[in-house]
Amino acid sequence: MKTQNDTTMLKYTKKSNFIIFKELVLKFLFLFINTKSFRFVLLNKKPQIFDSIPITGKQSNRLVLFSTFTTDGKIKESLVYYLSNLKKIKSDIILIDTSLKRIPSELEKIQPYLRHYIWRENIGYDFGSWKIGISEIPDWKIYSQIILTNDSIYGPIHPLEPIFEKFNSSDIDIWGLTDSYELSYHLMSYFLVFQNKIIQSKEFENFWETMVYFPTTWKKFLILAYEVGGYKYWKNFGFKTDAYIKFETLTQTIFKNHYNNPTHVFWDKIISDLKFPFLKKDLTRKKLSPNELDEIRQVLVKTSPKVLEFVEKEKTII
């Protein structure tokens, strides 16, 4: 069993007192940052759009807003694989790219899967990209389902179709693959699905219109504002939410000051036992011990050798 001071967080362990203190300070500072006057004065910058390239028209009733970033502008095989699988479930994909540079020939690798490609200035993180995607696609309201996702994950490891089948016939307005108790309870935003009445609601439109673009050094504040804050926003307006895998089903007791991100602390269980379709990339980038590296390989060899190939080829296990 790991201790709270270990650099890796692959087990359900307690946070150090220093981490707990930092989170309290973060929440306190956020009270000031979240005021209208602070946002108006210091968070009023809008990202520049360098390229906005339409590729096809509307072809399905499912719209995917996909946020991606690379330092070198090269399209990785894992991205092609994910996009191709999203296309298989009949999706119109808008790729919003915040890479430091763009290589036009690289776009050819993914063009068959896209409805639209946008290259923009890198501020605002994923929520900023999704906001830009909404603003560049004027007919987004005619879709029956809108998916927000990004390239922070490898997969799919297991098929996506059964998950969509579970929720398509439900009255749930917003669902995610996992929920989390990090900072405060919320649906994790690496994969969020909006459907039913919410897409046509004034609350949905207002959420994107009032969103500001946080600087790239303010990631935790953005999480509080739009991942945690977004969940509270939807609940306050009475929209129904759900998660494919609920954290409360993974452990007998939920401890407030533990690491409560299920894609980290229960990653092996949810992939092997619960058909969770992704592996978070930041898991493979941590400074892992040889045993932990082996653990990841053993799980992927059984569930998805293809995804293991991406992980090892892209050298994210280091």
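See the structure above.
Residue positions are given per chain, counted from 1 along the sequence in the order it is written. Per-residue local features of the predicted model are confined to residues with pLDDT of at least 70, and side-chain atom pairs are confined, for both listing and counting, to 80 or more; whole-chain, interface and lining totals are unaffected and use all residues. The basis for every side-chain value is the complete set of heavy atoms in the structure, and neither hydrogens nor water enter the calculation.

Caption draft 1: Geometry of the overall build of the protein. A run of DSSP states H or I qualifies as a helix once it reaches four residues; a run of E qualifies as a strand once it reaches two. Both are numbered from the N-terminal end. Looking only at helices and strands, the protein features 13 helices and 11 strands. The globule rule used here is 2.2 Å times the number of residues to the 0.38 power, and the radius of gyration it is set against is calculated over C-alpha atoms. Here the C-alpha atoms of the protein give a radius of gyration of 19 Å, agreeing with the 20 Å that 2.2 N^0.38 yields for 318 residues. With respect to the principal axes defined by its C-alpha atoms, the protein has extents near 50 × 45 × 40 Å. Only protein chains enter the accessibility calculation, which uses a 1.4 Å probe; a residue whose area is less than 20% of its type maximum is buried, one above 50% is exposed, and one in between is partly exposed. Within the protein, the fraction of its 318 residues that count as buried is 55%. In what follows, a contact means two residues having at least one pair of non-hydrogen atoms within 4.5 Å. Taking all contacts inside the protein whose residues are at least 6 apart in sequence as the whole, residues at least 24 apart take part in 75%. Reported accessibility uses the Shrake-Rupley method at a 1.4 Å probe radius. Residues are deemed covered only where the shown protein chains occlude them. Counting only carbon and sulfur atoms, one obtains 55% of the accessible surface of the protein, whose full area is about 15,200 Å². In summary, the charge assignment counts Lys and Arg as positive and Asp and Glu as negative, without counting His or the chain termini. A charge is said to be at NZ when it belongs to Lys, at CZ for Arg, at CG for Asp and at CD for Glu. Counting 46 positive and 35 negative side-chain charges, the protein places the averaged centre of each group 3 Å from the other.

Caption draft 2: Focus on the nonpolar core. F66, W175, F191 and L279 are the most contacted members of the largest nonpolar core, which totals 52 residues. Excluding its chain neighbours within four sequence positions, the residues that come into contact with F66 are L79, Y82, L83, L86, I93, I94, L95, I96, W130, T149, N150 and D151. Judged by nonpolar contacts, the second largest core, of 45 residues, contains L187, F194, M211 and Y233. Each nonpolar core is a collection of buried residues, namely Ala, Val, Leu, Ile, Met, Phe, Trp, Tyr and Cys, held together in the definition by side-chain atoms within 4.5 Å.

Caption draft 3: Spatial organisation of the packing of aromatic side chains. Two rings from Phe, Tyr or Trp (for Trp, the six-membered ring) form a pair when their centres sit within 6.5 Å of each other. Planes less than 30 degrees apart are called stacked, planes more than 60 degrees apart edge-to-face, and all others tilted. Evaluated as defined, the whole model comprises 37 aromatic pairs. Taken together, a centroid distance of 4.8 Å and an interplanar angle of 45 degrees make the contact between F207 and W234 tilted. Of the two residues, F207 sits in helix α7 (residues 202-209) while W234 sits in helix α8 (residues 219-236), which places them 27 residues apart along the sequence. The same class applies to F207 and to W234, which are both buried. Positioned over the ring face of F164 is R62, at 4.4 Å from the centre of the ring. Here, over-ring charges are defined by two tests on the NZ atom of lysine or the CZ atom of arginine: distance to the ring centre within 6 Å, and angle to the ring normal within 35 degrees. Across from the ring centre of Y154, 5.0 Å away, lies the NZ or CZ of K281, which sits over that ring.

Caption draft 4: Quick look at the pairing of strand β5 (residues 145-150). With six of six residues buried, β5 is to be regarded as a mostly interior element. A two-sided burial pattern is seen for β5, the buried positions comprising Q145, I147 and T149 on one face and I146, L148 and N150 on the other. For strand β2 (residues 62-68) and β5, the ladder comprises six bridges, and the chain directions are parallel. Each residue of the ladder has a partner; that of L63, found in β5, is I146. Strand pairing is assigned whenever DSSP identifies at least 2 bridges connecting the two strands. When β5 meets strand β9 (residues 191-195), the two strands line up antiparallel, connected through five bridges. Within β9, the residue paired with Q145 across the bridge is Q195.

Caption draft 5: Molecular detail of the packing of helix α5 (residues 125-136) against α7. Close contact between α5 and α7 brings their axes to 9 Å; oriented N to C, the two are set at 120 degrees. Here α5 lies oblique to α7, going by the angle between them. As α5 runs across α7, the sense of the crossing is left-handed. Between α5 and α7, the residues in contact are F127, W130, K131 and I134 and F204, F207, W208 and E209, respectively. Side-chain classes follow a simple rule in which Ala, Val, Leu, Ile, Met, Phe, Trp, Tyr, Cys and Pro form the nonpolar group, Asp, Glu, Lys and Arg form the charged group, and the remainder, Gly included, forms the polar group. Of the residues belonging to the contact of α5 with α7, the class tally is six nonpolar, no polar and two charged. An axis is simply a line fitted to the C-alpha atoms; with a helix, the fit covers only the stretch in contact. Between two such axes, the angle follows the N-to-C directions and lies from 0 to 180 degrees. Angle categories: roughly parallel below 35 degrees, roughly antiparallel above 145, roughly perpendicular from 65 to 115, and oblique for all the rest. Less than a right angle of anticlockwise turn of the near helix away from the far helix marks a crossing as left-handed, whereas a clockwise turn marks it as right-handed.

Caption draft 6: α7, seen in detail. Every buried residue of α7 is listed here: E203, F204, F207 and W208. Burial along α7 is one-sided: seen end-on, the buried residues are contained in an arc of 135 degrees. Relative to its buried face, α7 has exposed residues pointing more than 90 degrees away, namely K202 and E209. For α7, the secondary structure elements touched by its buried residues are α5, β5, β9 and α8. Directions drawn from the helix axis to the C-beta atoms are what define this arc.

Caption draft 7: Expanded view of the environment of K197. Structurally, the position occupied by K197 is in the loop between β9 and α7. Taking the C-alpha atoms as reference points, K197 and F239, 42 residues apart in sequence, are found 8.8 Å from one another.

Caption draft 8: Main features of α5. With 12 residues, α5 should cover 16 Å at 1.5 Å per step; its first-to-last C-alpha distance of 17 Å lies within 8% of that length. Of all the positions in α5, only F127, G128, S129, W130, K131, I132, G133 and I134 are classed as buried. Expected helix span is given by 1.5 Å per residue-to-residue step, counting one fewer step than there are residues.

Caption draft 9: Region of interest: unusual backbone geometry. Residue P156 is bonded to the preceding G155 through a cis peptide linkage, with omega at 5 degrees. When you line up the elements, P156 lands in the loop between β6 (153-154) and α6 (161-168). Non-glycine residue N196 carries a positive phi angle of around 60 degrees. Of note, N196 is situated in the loop between β9 and α7. Here the phi dihedral of K275 falls at roughly 60 degrees; this positive angle occurs in a residue that is not glycine. Examined against the element boundaries, K275 turns out to sit in the loop between α10 (267-272) and β11 (279-280).

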